[in-house]
Every structure is written in C-alpha cells, then in structure tokens.
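Understanding the architecture of this molecule
For reference, the chains in residue letters:
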Amino acid sequence: MEPKKRKVVLTGGGTVGHVMLNKLLIPCFINRGVEPVYLGSKKGIEKEIIGATSIKYYNISSGKLRRYLSAENFKDVFKVMRGISDARKVLKKEQVEFVFSKGGFVSVPVVLAAKSLGIPVYIHESDITPGLANRIAGKFATKIYVTFKKTLEYLPSGKSEYLGPVIRDELKRGYKDIGYELTGFNAEKPIMIVMGGSLGARSINNFIRDNLEALTKEWQIIHLCGRGNYQEGLDNPNYRQFEFVKKELPHLLKISDIAVGRSGSNAIYEFLLNEKPMILIPLPLSQSRGDQVENAEYFKEKGYAEIIQDDALDLETFQTTLSRIEGNKESIVECMKNFEGGFRPESLVDLLLGKEGNR
C-alpha cells in the first residue's frame, strides 16, 4: 500500500502581495514531495496567478472585510459563513497537514475552517501593522511570521517570529549587457526604474509621462507601467516602457541606479536587497489603510529611501528629492549593505515542514 501523500493548503488573495510568496513556495513544496492545494476566491487576482500553475485550485465564497459601517457588511457575514463551509469541505477532502496564509479577505474563512478542524495555521504578514484579515486570523494562528521586526510589537510574543523579506536569488542574476539590450540604453547616463505594481499606479504613470522631456534630460527611464497602461506615441530614446516584466526584471534592476515606486513591502525589499536607493510615493490614505505610508516611513528612518506624498508629486519636488538621493547615494547603499535578515522560499518550506514533523 502506497503511503498517503502529504498535502498542505495555501491561501491568500485580493492583491499580488497576498499571492506572490505562495507562488514561490509552490515548487519548493513539490520538490519535497508535498502537494500544495490552493483555496482562493472565484474572481480574485489569486485565481489568475495560481491558475497559471499546475496545482489544484478551489474556489470558496468570501466577503469583503470593511472598516466602516455598510449594509454590505450584513450580506458578507453570510458569504464568510459559506466560505467557512466551503473550506471545511476541501480541508476534509484533501486531509491537509496545515494551512499557510498570506492574508487578504479570502483567507479568513479558510483559517476559521482550519481552526474548527484542529488543523494548524501559519500566517505570514508583510506589512508593518497587520491588515484586518490577519488581525482576525492571527487570533487562531499557530504561528505568525513577519517581514518587519517592528511588526512584532503588534503581535503576541509567544507566537510571532521575525523572518524578514523573501530573498529571490534570481533577482541577483541580472546582466548589464542584457539590460542595455532590452532597453537600448547605455552606461553614459544614469538609469531610473519606475515601478507602480502589476496594475500600475495612475498618478505615478501620469507624472512620468507629463514630465518626460524634463526628466530625460538627465536620466534614462525604465517605466514598468502596469498591464493595460502602455501608451503609444512616446518616442523618446531615453524612455522605455514595459507593461509587466518577469524574467527581464533582474537585468533591468542590474542597470538601474535608483528606483521609484509605491511602497508595498515586496517591492521595496526587492529594491533594498538589490541595493537600489529609492524614492517612495506611498498609496495615499484615501485609497488604503495606510500600510504603504508606514512602510515608506520605516524605510526612510532606516536610511534606505526618500518619500514624496502622492498629492505632493510635482516636478520641482521630484527633482529636489532626486538631488538629495544622488548626494547621499554612497551612504544609502552602505546602509543597505548592512541589512541583515531575509529568507529563501525553500528555507520557509523546510521550517514549516520541520515544525509539522515535530508536532
């Protein structure tokens, strides 16, 4: 009789940040003979990203978690209850060893279902202060891993642990000659990489394009503008736009002198680990819970970045901030070199499987 195959559930969704670590963990579990199964929403970004892999994906019902009063909250209670029922069925069917959650509203019913079945739950929190989903789910977690040391201040000390950022070795394998070939740029003029996330950042995209002539007098610009945001007719030899990059990113980072973008934790730690001084333009409070503002302020405090608030983004402010970065570039890079911490996806998988082996 064949031994029963080991299985685990991964969950998380709503944003790319709630999915990408899970995607990195999938091949690591498979390489260790463990089958990962994904529980996500019916239409979220997680279905698009994980659907491109070969693992099982189960749709579950999920309600949006709101921090304000709304009649929709009442309806969503029933969606969450249905989601718990959906998740329980999958967990029983697949007989998984544990659940690993990256957060987002879809993760809450999965965590609650796991808890009701006595299945261990491990959570990873990327931002300084936990999001609402992880604050709820964290009450039922066996262990909570964090990206920022400061996050430990907001969590129970008995079940939280600092891991640091995920280290993607492939991002260190860039080649300048390939980067120059991809862009048509050269080493004679400094290069700025602008990243607004997988869907882009409208205010940043508009700012770069509206001020292209002025900015490219001194800089060559790599603009990762997000899917559907490519703009035709921008004929400038010092400007190269991409909607989205994968295997090209290490080479583009290799030739870049400075990074500009939002302050989601995944992106800014990638800049840090690649020693790219950065200008951060966090998503404003009108569009977020403030996690990007906190992340940006933390990186500025550490000496890795300068900040421009979204509503203060204009050419004069940007150029002044650029000058400040250029004047302090050596000290910024030195601060970055001194950063300690981080984990590779395979080491987290070994940690999780090891804990289960000792349970």
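The structure presented is a predicted model; accordingly, all values stated were derived computationally and were not measured.

Concerning the side chain of Ser263
For Ser263, the position within the fold is in the loop between strand S11 (258–261) and helix H10 (265–273). A polar atom in the side chain of Ser263 sits 2.7 Å from the backbone oxygen of Gln292. The residues contacting Ser263, other than those within four sequence positions of it, are Ile268, Leu280, Pro282, Gln292, Val293, Asn295 and Ala296.

Overview of unusual backbone geometry
With a phi angle near 50°, Gln95 is a residue other than glycine that sits in the positive phi range. Note that Gln95 resides in the loop between helix H3 (71–94) and strand S4 (99–101).

Remarks on the environment of Glu188
Within the secondary structure, Glu188 is located in the loop between helix H6 (176–183) and strand S8 (191–195). Sequence separation of Glu188 and Gln220 is 32 residues, and the distance between their C-alpha atoms is 9.7 Å.

Remarks on the nonpolar core
Within the largest apolar cluster, 52 residues are counted, with the highest numbers of intra-cluster contacts made by Met278, Phe299 and Phe318. Once residues lying within four places of it in the same chain are set aside, the contact partners of Met278 are Ile258, Ala259, Ile268, Phe271, Leu272, Phe299, Tyr304, Ala305, Glu306, Ile325 and Met336. Val8, Val19, Leu21 and Phe343 belong to the second largest nonpolar core, which has 26 residues in total.

Things to note about the packing of aromatic side chains
For the coordinates displayed, the defined rule picks out 10 aromatic pairs. On the numbers, 6.3 Å between centres and 50° between planes, the contact of Phe29 with Phe98 is tilted. Here Phe29 is found in helix H1 (residues 20–31), whereas its partner Phe98 is found in the loop between H3 and S4, with 69 residues between them in sequence. Using a relative accessible area of 0% as the deciding quantity, one classes Phe29 as buried. By relative accessible area, which is 0% here, Phe98 ends up buried. An aromatic cluster is defined as three or more aromatic residues linked by ring pairs; in this entry it consists of Phe148, Tyr269, Tyr298, Phe299, Tyr304 and Phe339.

Focus: the pairing of strand S2 (residues 34–40)
Taken across its seven residues, S2 has seven buried, putting it largely inside the fold. Between the parallel elements strand S1 (residues 6–11) and S2, the chain passes through H1 in a crossover that is right-handed. Both S2 and strand S3 (residues 56–59) contribute to a ladder of four bridges, which runs parallel. Across the sheet, the residue bridging to Leu39 is Tyr58, located in S3. At this point the chain moves from S2, through helix H2 (residues 45–51), to the parallel S3, and the crossover so formed is right-handed.

Comments concerning the UniProt feature "binding site: UDP-N-acetyl-alpha-D-glucosamine" (unreviewed entry) in the protein
UniProt records the feature "binding site: UDP-N-acetyl-alpha-D-glucosamine" (unreviewed entry) at Arg168, Ser198 and Gln292, using the numbering of this structure. From this annotated list, the subset lining the largest cavity comprises Arg168. On the secondary structure map, Arg168 appears in the loop between strand S7 (160–162) and H6.

Some words on the sheet that holds S2
Strands sit in the order S3-S2-S1-S4-S5-S6-S7 across an open sheet of seven strands; the sheet is parallel. On the outer flanks of this sheet lie S3 and S7, each paired with one strand and no other. Along the sheet, successive strands turn relative to each other by an average axial angle of 25°, direction set aside. Inspection of the sheet shows S1 paired to S2 by six bridges, in the parallel sense.

As for a nonpolar patch on the surface
Side chains of Val77, Phe78 and Met81 sit close together on the surface and give an oily, nonpolar patch of about 310 Å² of accessible area. With respect to the secondary-structure elements, Phe78 resides in helix H3.

What about empty space enclosed by the protein?
Under the counting rule described, the total for this entry stands at one cavity of 30 Å³ or more. Roughly 60 Å³ of volume is contained in the largest cavity. As for the largest cavity, its lining consists of Val166, Ile167, Arg168, Leu171, Lys172, Glu270, Leu273 and Asn274. Here the lining of the largest cavity is built from residues that sort into four nonpolar, one polar and three charged.

Conventions adopted
Residues numbered from 1 in each chain as written. Predicted model: local features only at pLDDT ≥ 70, side-chain atom pairs only at ≥ 80, totals over all residues. Heavy atoms only, no water. Helix = DSSP H or I, 4+ residues; strand = E, 2+ residues; numbered from the N terminus. Polar contact = N/O pair within 3.5 Å; in protein donor to acceptor, adjacent residues only side chain to side chain. Contact = heavy atoms within 4.5 Å. Core = buried A, V, L, I, M, F, W, Y, C linked by side-chain atoms within 4.5 Å. Buried < 20%, exposed > 50% of the residue type's maximum accessible area, 1.4 Å probe, protein only. Phe/Tyr/Trp six-rings, centres within 6.5 Å; stacked < 30°, edge-to-face > 60°. Right-handed = clockwise from strand over helix to strand, strands pointing away. Pairing = 2+ DSSP bridges. UniProt positions renumbered as here; feature names shortened; annotations may be inferred. 1 Å grid on protein atoms, 1.4 Å probe; cavity = no way out; pocket = protein on both sides within 12 Å on 5 of 7 lines; lining within 4 Å. Axes fitted to C-alpha atoms, helices over the stretch in contact; angles between N-to-C directions. Patch = residues over 30% accessible without salt bridge, like charges linked within 9 Å, V, L, I, M, F, W, Y side chains within 5 Å. Areas by Shrake-Rupley, 256 points an atom, 1.4 Å probe, with all protein chains shown as cover. Salt bridge = Lys/Arg side-chain N within 4 Å of Asp/Glu carboxyl O. Points joined across faces, edges and corners; volume = space filled by probe spheres on them. Nonpolar A, V, L, I, M, F, W, Y, C, P; charged D, E, K, R; others polar.

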